[in-house]
Amino acid sequence: MSWDFNVIKTSLDDFVVTSFEEFCKAKGYTVSVHPDIVLKRHSGFLPFKIEGDFLPGLNDKSFITGFELYSDLSETATKTPSKGILKSLFGGKPQPVASALNEEKHDLVLNCSGSDLLEIFMAHLLGLYFVESQGCECYDPQDGIEYKEPKQIEKTINDIVEELKVRLSNGTLKLYDFEEWI
C-alpha cells in the first residue's frame, strides 16, 4: 500500500539542497540529501540520510529513508494562447508558459510506502520546507487535508514524531541503518 503527499506550485529552480538541510537542522533534524540530486531534473527514488538524534536512544545512529518523487508542470503553468486568424485555422495546442519571474511551477507527488512512517515524516518535512520558503500548499489525498499554513504541517510533523517514538518504544518502528550513498 502506498501513501501520497502532494506539494503544489513549487519552483524547483529555487530549491537548494544546502538550504533544505539547514532548514531541517533549524527544526531539530539532521538531514542530508543524496549529494548527486538536482531536484529539477530528478524523478524516482529521492534518498535522505537522517540522524536518530530526535528519537530516544538513537543519538549515535544514522538512517536511510526516502520516497518516490514525481513532478509535473502545474496546471497554472499552461495556458491557451490567444488565436489570431492564422492560428485559428491551423489550431494551437496549450503551451507551457513561465510565470512572471520566468519560473516554471511544478506539482510534486511524494509517494511513500504506507507502512514506513519515517518516509511519511520526510515527505511532510520537505513539504514544510516548500510551504515556508515559497508559500506553496501541500495536500494529503488520503485524508483530504490541505496544508496552507506552516503551523498546520508542523503540528502533523510533531504528531508523526510522537508516533515514531511510540513505535520505537514498542519495537515496531522500521528503520534502515545508513551505510553509504549508493
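In short, a report on the structure. Positions within a chain are numbered from 1, following the residues in the order the chain's sequence is written. In keeping with the predicted nature of the model, local features appear solely for residues at pLDDT of at least 70, side-chain atom pairs appear and are counted solely at 80 or more, and the whole-chain, interface and lining totals rest on all residues. Based on all heavy atoms of the structure, the side-chain values leave hydrogens and waters out of the count.

Topic: the packing of aromatic side chains
Phase 1 of the analysis: For this analysis, a ring pair means two rings from Phe, Tyr or Trp (six-membered ring only for Trp) whose centres lie within 6.5 Å, classed as stacked if their planes differ by under 30 degrees, edge-to-face if by over 60, and tilted for the remaining angles. Inspection of the entire model under this criterion finds 14 aromatic pairs.
Phase 2 of the analysis: Summarising the aromatic geometry, the rings of Phe54 and Phe121 are spaced 5.3 Å apart at their centres and angled 15° between planes, so their arrangement reads as stacked. Of this pair, Phe54 sits in the loop between β3 (44-51) and β4 (62-73) while Phe121 sits in helix α3 (residues 117-134), and the two are 67 residues apart along the sequence.
Phase 3 of the analysis: On the basis of relative accessibility, which here comes to 0%, the residue Phe121 falls in the buried class.
Phase 4 of the analysis: What links up through ring pairs into an aromatic cluster is the set Phe15, Phe20, Phe23, Phe48, Phe67, Tyr129 and Phe130. Put simply, DSSP H or I for four residues or longer makes a helix, DSSP E for two residues or longer makes a strand, and each gets a number counted from the N terminus. Accessibility here uses a 1.4 Å probe with only protein chains present; expressed as a share of the type maximum, an area under 20% marks a residue as buried, one over 50% as exposed, and anything in between as partly exposed.

Digging into the sheet that holds β4
Phase 1 of the analysis: Taken in spatial order, the 7 strands of this open sheet run β2-β3-β4-β7-β1-β8-β9, and their pairing is antiparallel. Whereas interior strands pair on both sides, the edge strands pair on one side only; in this sheet they are β2 (31-33) and β9 (145-147). Shown here is a sheet whose adjacent strand axes are inclined to one another by a mean of 25°, direction ignored.
Phase 2 of the analysis: Any two strands are treated as partners once DSSP identifies two or more bridges connecting them. As paired elements, strand β1 (residues 2-10) and strand β8 (residues 137-140) share 3 bridges and run antiparallel to each other. Geometry is summarised by axes, namely lines fitted to C-alpha atoms with helices restricted to the contacting stretch, and by angles between N-to-C directions that run from 0 to 180 degrees.

A look at the pattern of salt bridges
Opposite charge on two side chains lets them pair, provided their charged atoms get close.
Phase 1 of the analysis: Throughout this description, the term salt bridge denotes a Lys or Arg side-chain nitrogen within 4 Å of a carboxyl oxygen of Asp or Glu. The final tally for this structure, using the stated rule, is 8 salt bridges.
Phase 2 of the analysis: A salt bridge links Glu163 to Arg167; the shortest N-O distance between them is 3.0 Å. Here Arg167 and Glu163 lie together in helix α4 (residues 150-169), a separation of 4 residues that amounts to about one turn.
Phase 3 of the analysis: Residue classification places Glu163 among the partly exposed residues on the basis of a relative accessible area of 33%.
Phase 4 of the analysis: The class for Arg167 is partly exposed, based on a relative accessible area of 26%.
Phase 5 of the analysis: Each of Lys27, Glu132 and Glu154 takes part in one network of salt bridges that share partners.

Worth remembering: the numbers are spatial, not functional.
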